Amino acid sequence: MIMDSGGFNLDDLIQVEPNADWQSATDEESDTEEIDELSDAQTPTTQIEKSTEPLSQYSAQEINARDAEAYVQHLKQSGRGNQIPAKNDPNYKRTITKISAQKRKGRYNVYLGGEYAFPIAEALLVKHLLRKGMLISEEFQKQLEVEDNFSKAYTRALNYLSYKMRTEQEIRDDLAEHEFLAQADAVVDKLKEQNLINDLEYAKSYVRTAARVNRKGPRVIAQDLAERGVDDQSIQVAQVEYDLSEQVENACALIKKRMKKRNKTSERQRMQKLNNYLFKKGYTNEVINLAFDEMEPEVDEDEEYDALVKQGEKALRRYSRKTQGYELHQKTKAFLYSKGFKRELIERFMTEKVDD
C-alpha cells in the first residue's frame, strides 16, 4: 500500500471501497506456487529486488517514489477525484465509479458506470493516475488491459525465478502453461535486460553442480541442458570447465562405490556392468578406460570362486531336471563360461561338485 510523506493513505485518496463481491469480480486465483526439483543454483534474491529498470513500452511496471508522490499530490489537488456524472449522462458508463482492493496485495478492481470493468495492478494505477470520476475510453481501457497482462506475466516469471535459475525456454514454457503466451516475448526481453535469465550462465552453473554433486558425465549433462532449451554453443562453452582429469576422477569414484557391492557374478561380468553403468552416466569410452586403468581392481579368487559356486549350483538344479551325465556336464560348463568365469575355476567346480 502506498503512503505519501504526509501520511495520507492511497486508499483514502482514491476512495477505495471494500470489495464485497470480490470472488465474482476478481480475475485472479490465490497466489500459490509449488516448488519442483532441487535447484542446480539459486537465483540471487537481491538481484530481483534491485531490478527496477523497466521496458520502454511498459515504463511503469515498477512503482517508483516520484510516480507515487506525483499521484498522491494529483489526487489531493483534484479533491479526491472528479465528480461522477449522473446515471443518465452518456459518459456515466465510461466513468470510474469505484476502485476496490482485491485480497491479493497490490491488485485492484476498477468499476465503470457502477459495474465491474477490469482489474489493475497498483503500479499501473499510479502510472496512469486512475481515480474515481475519471473518464475511460475504450481504447485506453484496452491499453490498460495489455499493460496489466504484461504486469501479471512479469510477476509470474519473477515468482518462477525466485526458487532457482531458469533457462529462457523454461520461462517461456511456464508462461505458456499459465496462459501468458502472448506476453512471453516482452517478458523474456525484460528479464534478459535485467540479466535475470542467461542461458550460458545457467549452463555453467548446471555443469558445475552436475559434475561435483551428481558426478554426471558430459554427454548426459549436455542432454539435460538441451532438454532445457540451451543451445549447443552455450553447452560446449560451459563444458570447457569440466576437463578430462575431473571426468576420470568422478568415474573412479563411481567405480569405487559400485565395487563395494559384492554380488553373485564373475569379475568379467562385474566389470562389464560397471562399464555400462559409467556409459549411462554420460562418460566416454576413453574416460571409462582411463578410470579402469587407474583403479586396477584386484581380483579376489576366493570371492570369485564363491560366486561361481552359487551360479554353478543354480545351473545344476536347472539342468538336472531333464539331463544327466555328459550332457549335464557340458550344459553347466557352457552356462558358467557365459557368465564370464575363468576356465580354471570352472574346471575346479566341475571336479569338486559334478564329477564327485
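Quick summary incoming for the structure in this document. Note that the coordinates shown come from a computational prediction; the quantities given were computed from them, not determined experimentally.

Criteria and cut-off values
- Residues numbered from 1 in each chain as written.
- Predicted model: local features only at pLDDT ≥ 70, side-chain atom pairs only at ≥ 80, totals over all residues.
- Heavy atoms only, no water.
- Buried < 20%, exposed > 50% of the residue type's maximum accessible area, 1.4 Å probe, protein only.
- Helix = DSSP H or I, 4+ residues; strand = E, 2+ residues; numbered from the N terminus.
- Pairing = 2+ DSSP bridges.
- Contact = heavy atoms within 4.5 Å.
- Expected span 1.5 Å × (residues − 1).
- Arc of directions from axis to C-beta.

**As for the pairing of strand β2 (residues 96-101)**
Both faces of the sheet carry side chains from a regular strand, because those side chains alternate between them. Counting buried positions along β2 yields 5 of 6 residues, so the element is predominantly enclosed. With 5 bridges joining them, β2 and strand β3 (residues 107-112) adopt antiparallel strand pairing. If you follow Lys98 over to β3, its bridge partner there is Tyr111.

**Structural notes on unusual backbone geometry**
Its identity is not glycine, yet Leu129 carries a phi of approximately 55°, on the positive side. Secondary-structure assignment places Leu129 in the loop between α5 (122-127) and α6 (138-161). By relative accessible area, which is 26% here, Leu129 ends up partly exposed. Although it is not a glycine, Glu179 adopts a positive phi angle of roughly 65°. If you trace the backbone, Glu179 turns up in the loop between α7 (168-177) and α8 (184-193). Taking relative accessible area as the criterion, Glu179 reaches 71% and is therefore assigned exposed.

**Side note on the side chain of Gln239**
Turning to its location among the elements, Gln239 is positioned in the loop between α11 (232-238) and α12 (244-259). Judged by its relative accessible area of 15%, Gln239 is buried. Excluding residues within four positions of it along the chain, Gln239 makes contact with Val207, Pro218, Ile221 and Ala222.

**A few points about helix α13 (residues 267-280)**
Over its 14 residues, α13 runs 20 Å from end to end, which matches the ideal 20 Å to within 8%, given 1.5 Å per residue. For α13, the complete set of buried residues consists of Glu267, Arg270, Leu274 and Leu278. Down the axis of α13, the sector holding all buried residues measures 75°, keeping them to one side. With respect to the buried face of α13, the exposed residues turned more than 90 degrees away are Arg268 and Lys280. Looking one or two residues past α13, Gly282 carries a phi angle of roughly 105°, positive in sign.

Remember that the coordinates give geometry; whether it matters functionally is a separate question.
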